[in-house]
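As a plain string of letters, each chain reads:
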Amino acid sequence: MLTGKVNRKDITLVMLDNPLNTGFPTYWHARGYGLFAANPLGQEIFSNGKEKLNFTIQAKQSAMFRYRLVILDSAATTNQVEAQYHQFVDEVK
C-alpha cells in the first residue's frame, strides 16, 4: 500500500496478491523513484537463499497470476484494505 497526495488530496494505491498465485505470498518492493512491484518469482534473492521456487512453464502452456490494483481517493485504513482483499479473494476462486 502506498499513500500520497495528488493536487493536495490524499490517495492510496493498493496492490493485492491472490493466494492462488504461484509464489504466494509474493515479495513486494518499492523504490523512491516510483517503482512499486510484486516479485512472485524472486524468493531466492529476496530471502538471501533461504527460500527457492522451482517454477517452470512448459512449451505451449501458460501461467496465470492474479492481482488487483485498488485506487482510493482517500488515505485508506487497514480495515478498508482488508475488506478489499477479502472481496478480491472471494471473487477469484
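Draft legend 1. Representation of the pairing of strand 4 (residues 36-39). Sheet topology note: the strand 3 (residues 27-30)/strand 4 ladder contains four bridges and is antiparallel. Across the sheet, residue W28 finds its bridge partner in strand 4, namely A38. With antiparallel pairing between neighbouring strands as the criterion, strand 3 and strand 4 make up a hairpin whose turn holds five residues, including G34 at a positive phi of roughly 115 degrees.

Draft legend 2. Expanded view of the sheet that holds strand 5 (residues 67-72). Strands sit in the order 1-2-5 across an open sheet of three strands; the sheet is antiparallel. This sheet does not close on itself; its edge strands, each paired only once, are strand 1 (2-6) and strand 5. Neighbour to neighbour, the strand axes of the sheet diverge by 20 degrees on average, direction disregarded. Examined bridge by bridge, strand 1 and strand 2 (residues 9-17) share five bridges and lie antiparallel to one another. Paired with G4 across the strands is I11, a residue of strand 2.

Draft legend 3. How the structure looks around the side chain of N21. When you line up the elements, N21 lands in the loop between strand 2 and strand 3. Given the relative accessible area of 5%, N21 is considered buried. In this structure N21 touches M64, F65, R66 and Y67, once residues within four positions along its chain are discounted.

Draft legend 4. Fine view of the environment of T22. Relative to the assigned elements, T22 resides in the loop between strand 2 and strand 3. Spatially, the C-alpha atoms of T22 and F55 are 8.2 Å apart, while their sequence positions differ by 33 residues. Those residues within four positions of T22 in sequence are excluded, and the remaining contacts are P40, L53, F55 and F65.

Draft legend 5. Seen up close, the pattern of salt bridges. Enumeration over the complete set of coordinates arrives at two salt bridges. A salt bridge links K5 to D10; its shortest N-O distance comes to 2.6 Å. Given a relative accessible area of 59%, K5 falls into the exposed group. You can call D10 partly exposed: its relative accessible area is 34%. One salt bridge in this structure joins E91 and R68, with 2.5 Å as the shortest N-O distance. Taken together, the residues E91 in helix 2 (residues 78-91) and R68 in strand 5 connect sequence positions 23 residues apart. Here R68 falls in the partly exposed class, since its relative accessible area comes to 24%.

Calculation criteria
Residues numbered from 1 in each chain as written. Predicted model: local features only at pLDDT ≥ 70, side-chain atom pairs only at ≥ 80, totals over all residues. Heavy atoms only, no water. Pairing = 2+ DSSP bridges. Helix = DSSP H or I, 4+ residues; strand = E, 2+ residues; numbered from the N terminus. Axes fitted to C-alpha atoms, helices over the stretch in contact; angles between N-to-C directions. Buried < 20%, exposed > 50% of the residue type's maximum accessible area, 1.4 Å probe, protein only. Contact = heavy atoms within 4.5 Å. Salt bridge = Lys/Arg side-chain N within 4 Å of Asp/Glu carboxyl O.

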